[in-house]
Amino acid sequence: MKVVGGIELKQQNIMNENHASNLSHSPSTIRRQGGWRAIRYILANETFEKLASMGLIANLVVYMHTQYNIETTTSAQVFTIWSGFTNFLPLVGAYVADAYVGKYNTLLFSSISSFLGMGFIALGAGVPSLRPPSCPTNSDCIPPTGGQLAILYTGLALFAIGSGGLRPCNIAFGADQVDVTTETGKSQLESFLNWWYFLFTIALLFALTVVVYIQTSVSWFVGFIIPTACFACSLTIFILGSNTYIRTKPKGSVISDLVKVIVVANRKRQVDIKKDSELSFYDPPLDYGLDPNILKLPHTNRLRFFDKAAVITDQSVNVKSVNNWRLCSVQQVEELKSVLSTLPVWFAGIVCFLAMTQTNSFGILQALQINKTIGPKFSVPPAWVGLVPMISLSIWILVYEKIVVPLKGRRNENRSRLSMELRLLIGVLLSIVCMVVSGLVEAHRRAAALKHGSIESPIKIWWLIPQFALSGLIEAFAAVMMMELLTSYWPPSMKTLGGAVFFLSLAICNYFNSILIEIIRATTGKNGSPPWLGGNDLNKNRLDYYYYTIAVFAGLNLVYYLFIARHYLKIELLQRSSNKVQPEDDQMGNSDTTAHT
């Protein structure tokens, strides 16, 4: 099977020489824009944006339950559905940014949308007529009107739309400001990522302590005005840095290319690749004018059905004006293979996230009905327990980087870090343990509350620390591994899509969780037994049974991972180690006569 590019070798060499010349004289190399001058604006913009976002997300369930009289299960479900919507939209944002408007415009309009969303939520918190009367007894509460909910949901919708553009583009836009083809650029990129994570941690700590405390103990209005002001600062800083940014032009969406490969391969399903060894593949040189850092993917023999999309069935076709809905390149085919090969592993990660995300909804509701006092006067805000997963995650990273990796490095220099396969396995196991522990703690909390005849259980809030800490460790092993797989093992041109797909997995997890809640609400609470979920009082529910149900799903996920997903992960890692992705200039030169094996 021959791979042809449709351009003669001489023309191809000229194109490579022109590419080298363009790199040495392009504005991105001269760096009149970009570099640390631009990155400073981006880091400041991101810090204020994350502080504002976390100031809303950390306490949203408590806000809906206490200020809008939305019952516990419903408020958790609204949060779950909204989180799923927020995590699904980055896929749309990545497509719009890559195909039409570019990262800069996407970030600008998304920041405006999020700012308006926070403004609506702050408006609802500040005007009493936009909320139902307070109900401290949690009984016979007046529900919110349609107009009151419209203000709340409009704010949440605008915020979600803004997040859909911010999440997939923020890091990618920062990476655009450095030239990763140079050692200086690589160092700047690493420093940018380190500072981004550090400032994100600082913003999260401030949001979960100061902002949350103001919301629950001082004023919800003031507590939401602060994130709104932070969004205003974020937007202002982003606009002030406009003249310093490198703005890459939209170069078409990878999502469209993936769809094209599927459609074309199906059209050519009658082509028999195994029998005909003389088939030619369409493999043109890559366009470095759109992306100087693009890398050529080698052909692989996995999922060979999709190779049919690159087979040239009409030798008279004009390769300079190829219709990609009739003929795709080998590069496009291999990009689709990279996506499909990781899907079984991706599914295993989604079930892990099902356990990880419970702390942000029902975990916070547990904190509402537990003894939060420390000493005679201070009461811990329920959202503060959200610090525990971050702390456990940080402690593990510190132990791993400073103790585990150096220790393993002394024993075996080539295998000093835990493999992706092992990390995901640990994450799956921790998801089971987390849900079992959560169920046991909830059973103890509920029994103590019923024994004392009070809504708030007399046991201390410290009892919730184990399940929240385990949630953070699930993120450390499973979530970080999934992000690494989707961004490091997919082609460089698909990094924005990889980040969006990571958030899509969280969206699917949230939607599945919402469906599970509806099924449980419809099938439990009959024949005089208490419902597992529903109402405003967790003491009248069996939340522990719900946690055990998720533990069963996590156990099934362990079986699936060991016998199915793990196999695909091994193949993908072996494929990447045996077929190193190299720059196209190193692979071409004789592409007109290179044959697939």
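Thresholds, definitions, all that
- Residues numbered from 1 in each chain as written.
- Predicted model: local features only at pLDDT ≥ 70, side-chain atom pairs only at ≥ 80, totals over all residues.
- Heavy atoms only, no water.
- UniProt positions renumbered as here; feature names shortened; annotations may be inferred.
- Helix = DSSP H or I, 4+ residues; strand = E, 2+ residues; numbered from the N terminus.
- Buried < 20%, exposed > 50% of the residue type's maximum accessible area, 1.4 Å probe, protein only.
- Contact = heavy atoms within 4.5 Å.
- Areas by Shrake-Rupley, 256 points an atom, 1.4 Å probe, with all protein chains shown as cover.
- Disulfide = S-S within 2.5 Å.
- Expected span 1.5 Å × (residues − 1).
- Arc of directions from axis to C-beta.
- Salt bridge = Lys/Arg side-chain N within 4 Å of Asp/Glu carboxyl O.
- Phe/Tyr/Trp six-rings, centres within 6.5 Å; stacked < 30°, edge-to-face > 60°.
- Lys NZ or Arg CZ within 6 Å of the ring centre and 35° of its normal.
- Axes fitted to C-alpha atoms, helices over the stretch in contact; angles between N-to-C directions.
- Parallel < 35°, antiparallel > 145°, perpendicular 65-115°, else oblique.
- Nonpolar A, V, L, I, M, F, W, Y, C, P; charged D, E, K, R; others polar.
- Patch = residues over 30% accessible without salt bridge, like charges linked within 9 Å, V, L, I, M, F, W, Y side chains within 5 Å.

- Database annotation for the protein, UniProt heading Sequence similarities (unreviewed entry): "Belongs to the major facilitator superfamily. Proton-dependent oligopeptide transporter (POT/PTR) (TC 2.A.17) family."
- In its Subcellular location (unreviewed entry) section, the UniProt entry covering the protein states "Membrane".

**Quick notes on the overall build of the protein**
- Along the protein, the regular secondary structure elements total 17 helices and six strands.
- Buried residues in the protein amount to 52% of all 597 residues.
- Considering only contacts in the protein between residues 6 or more positions apart, those separated by 24 or more positions represent 83%.
- As displayed, the protein has an accessible area near 26,700 Å², and 63% of this comes from carbon and sulfur atoms.

**Observations regarding the state of the cysteines**
- This structure, assessed with the given rule, holds one disulfide.
- There is a disulfide in this structure between Cys-135 and Cys-141, and the S-S distance comes to 2.0 Å. Between Cys-135 and Cys-141, the disulfide has an S-S torsion of -75° and is therefore left-handed.
- Among the cysteines around Cys-509, which has no disulfide bond, Cys-352 carries the closest sulfur, lying 9.8 Å off.

**A short note on helix H9 (residues 254-267)**
- Compared with an ideal rise of 1.5 Å per residue, which puts 14 residues at 20 Å, H9 spans 20 Å between its outermost C-alpha atoms and is within 8% of the ideal.
- All of the buried residues along H9 are Val-254, Leu-258, Lys-260, Val-261, Val-264 and Ala-265. All buried residues of H9 fall inside an arc of 160° around its axis, so they share one side.

**Looking at the pattern of salt bridges**
- Summed over all chains, the structure comprises 11 salt bridges.
- Note that Asp-307 and Lys-337 form a salt bridge whose closest N and O atoms lie 2.7 Å from each other. Of this pair, Asp-307 sits in the loop between strand S2 (280-282) and helix H10 (330-356) while Lys-337 is found in helix H10, placing the two residues 30 residues apart along the sequence.
- Given a relative accessible area of 1%, Asp-307 falls into the buried group.
- Judged by relative accessible area, Lys-337 falls into the buried class, the value being 0%.
- Between Arg-445 and Glu-442 there is a salt bridge, with its nearest N and O atoms 2.9 Å apart.

**Some words on the packing of aromatic side chains**
- One pass over the full model with this rule turns up 27 aromatic pairs.
- A connected cluster of aromatic rings, assembled from ring pairs, spans Tyr-63, Tyr-68, Trp-220 and Phe-224.
- For the cation-ring pair, Arg-247 lies above Tyr-104, with the distance from its terminal atom to the ring centre recorded as 3.8 Å.
- The ring of Tyr-545 has Arg-542 sitting right over it, with the charged end atom 4.2 Å from the ring centre.

**So, the packing of H9 against H10**
- Taken N-terminus to C-terminus, the directions of H9 and H10 make an angle of 95°; their axes are 9 Å apart at the nearest point. In terms of their interaxial angle, H9 and H10 are classed as roughly perpendicular. Taking contact as the criterion, the partners of Val-254, Asp-257, Leu-258, Val-261 and Ile-262 in H9 are, on H10, Gln-332, Val-333, Glu-335, Leu-336 and Val-339.
- Looking at the contact of H9 with H10, its residues break down into seven nonpolar, one polar and two charged.

**Remarks on a nonpolar patch on the surface**
- Taken together, the side chains of Ile-81, Phe-85, Phe-88, Val-92, Ile-161 and Tyr-511 define a hydrophobic patch exposed on the protein surface, amounting to about 470 Å² of accessible area.
- Classification of Ile-161 by relative accessible area gives partly exposed; the value is 47%.

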